[in-house]
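Letter by letter, the chains look like this.
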Amino acid sequence: MLFRSIYHPRFIRLVYDHYVSISRKDNHGVIIPRSINLHAFPNPFNNLVSFDLDNRNGRLESVIIYDLAGRRIRSWNSSEMAGMSILTWDGQNDLGHTVTTGTYFVKASVENGGSYGLTKITLLK
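Computed from a predicted structure; not experimentally measured. (Residues numbered from 1 in each chain as written. Predicted model: local features only at pLDDT ≥ 70, side-chain atom pairs only at ≥ 80, totals over all residues. Heavy atoms only, no water.)

(A) Inspection of the nonpolar core at higher detail. Membership of the largest hydrophobic core comes to 21 residues, with the highest contact counts inside it found for Phe51, Leu53, Val63, Ile65, Trp89 and Ile121. Those elements that place two or more of their residues in this core are strand E2 (31-41), strand E3 (49-55), strand E4 (60-67), strand E5 (72-77), strand E6 (86-89), strand E7 (102-110) and strand E8 (116-123). In terms of residues, this core owes the most to one element, E7, which gives four residues. Setting aside anything within four residues of it in sequence, one finds Ile65 in contact with Phe51, Arg71, Arg72, Ile73, Arg74, Trp76, Trp89, Tyr104, Phe105 and Val106. (Core = buried A, V, L, I, M, F, W, Y, C linked by side-chain atoms within 4.5 Å. Buried < 20%, exposed > 50% of the residue type's maximum accessible area, 1.4 Å probe, protein only. Helix = DSSP H or I, 4+ residues; strand = E, 2+ residues; numbered from the N terminus. Contact = heavy atoms within 4.5 Å.)

(B) Quick peek at unusual backbone geometry. Cis geometry marks the peptide bond from Phe41 to Pro42; its omega dihedral reads -15 degrees. Position of Pro42 relative to the elements: it lies in the loop between E2 and E3. A cis amide bond links Asn43 to the next residue, Pro44, at an omega of 10 degrees. Its location among the elements puts Pro44 in the loop between E2 and E3.

(C) Region of the structure containing the packing of aromatic side chains. By the definition in use, this model includes two aromatic pairs. Aromatic side chains Trp89 and Tyr104 sit 5.9 Å apart centroid to centroid with 75 degrees between the ring planes, which places their arrangement in the edge-to-face category. With a gap of 15 residues between them, Trp89 in strand E6 and Tyr104 in strand E7 connect regions that are remote in the sequence. Given the relative accessible area of 0%, Trp89 is considered buried. The structure contains a cluster of three or more aromatic residues connected by ring pairs, namely Phe45, Trp89 and Tyr104. (Phe/Tyr/Trp six-rings, centres within 6.5 Å; stacked < 30°, edge-to-face > 60°.)

(D) Expanded view of the sheet that holds E4. Here four strands make up an open sheet; going across it, the order is E5-E4-E7-E8 and the pairing antiparallel. Looking along the sheet, the strands with just one partner apiece sit at the ends: E5 and E8. The sheet shows a mean angle of 15 degrees between the axes of neighbouring strands, taken without regard to direction. In this structure, E7 lies alongside E8, joined through eight bridges in antiparallel fashion. Across the sheet, residue Gly102 finds its bridge partner in E8, namely Leu123. (Pairing = 2+ DSSP bridges. Axes fitted to C-alpha atoms, helices over the stretch in contact; angles between N-to-C directions.)

(E) Structural view of the pattern of salt bridges. Across all of its chains, the model carries two salt bridges by this definition. For Asp67, the salt bridge identified is with Arg71, shortest N-O distance 2.7 Å. Across the pair Asp94 and Arg74 runs a salt bridge whose closest N-O atoms are separated by 3.2 Å. With Asp94 in the loop between E6 and E7 and Arg74 in strand E5, this pair connects stretches of sequence that are 20 residues apart. (Salt bridge = Lys/Arg side-chain N within 4 Å of Asp/Glu carboxyl O.)

Following this line, the structure appears as structure tokens:
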């Protein structure tokens with residue numbers, strides 16, 4: 001009698017290198033490089049983390065922090081970030097509650113919708 005294993009674990013590999021560069025094509029199919037260099041420091045962090053918003057492709061529309069389940073934890077819009085090149089997060093969600101220890105993703109988007117930056121941060125308590 002031949003037995004087959006019915007357990008087949010599946011793993012997803014994510015390539016991560018501090019930021020993601022996104023490119024898009026214009027009307028003629030020419031690739032237009034667009035990126036936001038989004039760096040977090042210190043990372044991992046305890047109480048405060050700062051994001052260096054190095055953007056050369058327009059005004060930032062939003063910065064959003066997500067947990068590993070994809071739930072929105074904290075967000076800032078363009079009016080809250082006007083004139084900022086460094087944004088600081090104190091580990092609290094939009095309701096003012098302190099979030100738990102863990103890994104979070106930060107996404108910064110530009111107004112034209114064509115580019116964004118993504119980075120991973122770790123909160124340790």
